[in-house]
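Here's the letter readout for the chains.
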Amino acid sequence: WLLVPGASPRERAAASAAAVAERLTASIAFFEEKVAADSLHWLAAAHLARRHVERFGLTASLDDLHAAERAARLAATLDPDRSGALARLSGIQLMQHRFADALGTARAAVAADSADVDAWGALLEAAHAAGNAILADSAVMRIPRTTVGGLVRVAQHQEARGDGES
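Worth saying up front: this structure is predicted, and the values here are computed from it rather than measured.

A. Looking closely at unusual backbone geometry. Of note in this structure, Ala60 is not a glycine but carries a positive phi near 60 degrees. Note on placement: Ala60 falls in the loop between helix H2 (42-59) and helix H3 (62-78). Using a relative accessible area of 55% as the deciding quantity, one classes Ala60 as exposed. Although it is not a glycine, His97 sits at a positive phi angle of roughly 65 degrees.

Right under this line is the structure:
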């Protein structure tokens, strides 16, 4: 379908997106079975949440975000890296434009492990979304500039503040 002579770029893109959505749907079904078989399988719940977020990116179905949140909440109660799981949950809440919830969840992520870079990143993003510039400034100071992810978050913060070149 991608190499069909005469197919327009739009047709190839639609066929590609449909194929990806089909694979994600199969993956979601697989991880739903894993979680149903073992409700303590935090890793399966985390993968399930991620797959729903990926499919949301293709379909824009709010049902996927709600399912992602349910799976992320389960993972956050079981994951040994509670801080990271809460940071991911905060991101899902941001996608739903639930800024106050995302901010509270990001604060809980930082409280669970104040050395977790993802937790501080989640707090930075939630603070920006909630319009809390002071909290965002505070959070960005805790993000190390030793990783690509850290540098990107700092640059995004500087751009949001209008600090020019980052």
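That shown, we press on.
B. The arrangement of the packing of helix H4 (residues 82-95) against helix H5 (residues 99-112) in detail. Relative orientation of the contacting elements H4 and H5 amounts to 170 degrees, with a least axis distance of 8 Å. Put simply, H4 runs roughly antiparallel to H5. Across the interface between the two elements, Arg82, Ser83, Leu86, Ala87, Leu89, Ser90, Gln93 and Leu94 from H4 touch Phe99, Asp101, Ala102, Thr105, Ala106, Ala108, Ala109 and Ala112 from H5. In terms of residue class, the contact of H4 with H5 is built from 10 nonpolar, 4 polar and 2 charged.

C. Region of interest: the environment of His157. Position of His157 relative to the elements: it lies in helix H8 (residues 148-161). Among the residues examined, His157 registers a relative accessible area of 5% and is labelled buried. Sequence separation between His157 and Ala129 is 28 residues; the distance between their C-alpha atoms is 11 Å. Beyond its immediate stretch of four places on either side in the chain, His157 contacts Leu124, His128, Ala136, Asp137 and Val140.

D. Local environment of the packing of aromatic side chains. Per the stated rule, a full pass over the model turns up 1 aromatic pair. With a centroid separation of 5.0 Å and 80 degrees between ring planes, the pair formed by Phe30 and Phe31 is classed as edge-to-face. Owing to a relative accessible area of 42%, Phe30 belongs among the partly exposed residues under this scheme. The class of Phe31 is buried, set by a relative accessible area of 11%.

E. Layout of the pattern of salt bridges. This model, assessed by the stated rule, comprises 9 salt bridges. Where Arg153 meets Asp118, a salt bridge forms, and the shortest distance between an N and an O atom there is 3.9 Å. One end of the pair, Arg153, is in helix H8; the other, Asp118, is in helix H6 (residues 117-130), and 35 residues separate them in sequence. Looking at Asp118, the relative accessible area reads 41%, which means it is partly exposed. A single salt-bridge network, built from bridges that share partners, covers Glu69, Arg73, Arg98 and Asp101.

F. Just H3, in detail. Between its first and last C-alpha, H3 extends 25 Å over 17 residues, near the 24 Å set by a 1.5 Å rise per residue. By the burial criterion, the buried members of H3 are Asp64, Leu65, Ala67, Ala68, Glu69, Ala71, Ala72, Ala75 and Ala76. For H3, the secondary structure elements touched by its buried residues are helix H1 (9-37), H2 and H4.

Thresholds, definitions, all that
Residues numbered from 1 in each chain as written. Predicted model: local features only at pLDDT ≥ 70, side-chain atom pairs only at ≥ 80, totals over all residues. Heavy atoms only, no water. Helix = DSSP H or I, 4+ residues; strand = E, 2+ residues; numbered from the N terminus. Buried < 20%, exposed > 50% of the residue type's maximum accessible area, 1.4 Å probe, protein only. Axes fitted to C-alpha atoms, helices over the stretch in contact; angles between N-to-C directions. Parallel < 35°, antiparallel > 145°, perpendicular 65-115°, else oblique. Contact = heavy atoms within 4.5 Å. Nonpolar A, V, L, I, M, F, W, Y, C, P; charged D, E, K, R; others polar. Phe/Tyr/Trp six-rings, centres within 6.5 Å; stacked < 30°, edge-to-face > 60°. Salt bridge = Lys/Arg side-chain N within 4 Å of Asp/Glu carboxyl O. Expected span 1.5 Å × (residues − 1).

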